[in-house]
Amino acid sequence: MPPKGKVEYDFAAADELSRALNQLIEKIHWLNWVRDTRSSKYFDCGRQSWRGRNHDRFVRDLHAQRRDLNALAQEAASLKRQVDDATAAATAKLSADHH
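Only a predicted model underlies this, so the values are computations on that prediction, with no experimental measurement involved.

A. Quick look at the layout of surface pockets. In this structure, the largest pocket occupies an estimated 280 Å³ of space. In terms of lining, the largest pocket is formed by K6, V7, E8, Y9, F11, A86, A89, A90, K93, L94 and D97. In terms of residue count, helix α2 (residues 53-97) provides more of the lining of the largest pocket than any other element does, six residues in total. Here the lining of the largest pocket is built from residues that sort into seven nonpolar, no polar and four charged.

In structure tokens form, the structure reads like this:
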């Protein structure tokens with residue numbers, strides 16, 4: 001809980017956090033793309049395609065990891081929105097206080 005009284009918003013820290021969260025989101029999406037691209041070599045081999053129990057486990061794990069990474073990206077996007085909204089609110093308040 002912030003202390004009572006005057007609280008100053010750290011715009012530089014908020015901008016840095018927003019940028020870092022955006023980079024995290026981009027890296028997660030890139031990681032999913034790389035994993036999908038590299039794993040596709042196991043699925044596009046025609047008659048010699050990998051099959052069986054190990055294949056099924058690999059696919060199940062790959063999809064579970066993709067879901068987990070996407071959930072992480074969504075959480076980072078939610079945090080970024082909160083930071084951006086707080087920055088917009090602080091900017092509006094600062095602007096209103098100066099007029």
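Let's pick the thread back up.
B. Inspection of the nonpolar core at higher detail. Membership of the largest hydrophobic core is limited to six residues, which are A14, L21, I25, A76, A77 and V83. For this core, the secondary structure elements donating two or more residues are α1 (11-39) and α2. In contact with A76, not counting residues within four places along its chain, are L21, L24 and I25.

C. Layout of α1. An ideal rise of 1.5 Å per residue puts 42 Å on 29 residues; α1 measures up with 42 Å between its terminal C-alpha atoms. Considered for burial, the residues of α1 that qualify are A14, S18, L21, I25, I28, N32, V34 and S39. For α1, the secondary structure elements touched by its buried residues are α2. Where α1 begins, the capping side chain belongs to D10, and its oxygen is found 3.3 Å from the backbone nitrogen of A12.

About the criteria used
Residues numbered from 1 in each chain as written. Predicted model: local features only at pLDDT ≥ 70, side-chain atom pairs only at ≥ 80, totals over all residues. Heavy atoms only, no water. 1 Å grid on protein atoms, 1.4 Å probe; cavity = no way out; pocket = protein on both sides within 12 Å on 5 of 7 lines; lining within 4 Å. Points joined across faces, edges and corners; volume = space filled by probe spheres on them. Helix = DSSP H or I, 4+ residues; strand = E, 2+ residues; numbered from the N terminus. Nonpolar A, V, L, I, M, F, W, Y, C, P; charged D, E, K, R; others polar. Core = buried A, V, L, I, M, F, W, Y, C linked by side-chain atoms within 4.5 Å. Buried < 20%, exposed > 50% of the residue type's maximum accessible area, 1.4 Å probe, protein only. Contact = heavy atoms within 4.5 Å. Expected span 1.5 Å × (residues − 1). Polar contact = N/O pair within 3.5 Å; in protein donor to acceptor, adjacent residues only side chain to side chain.

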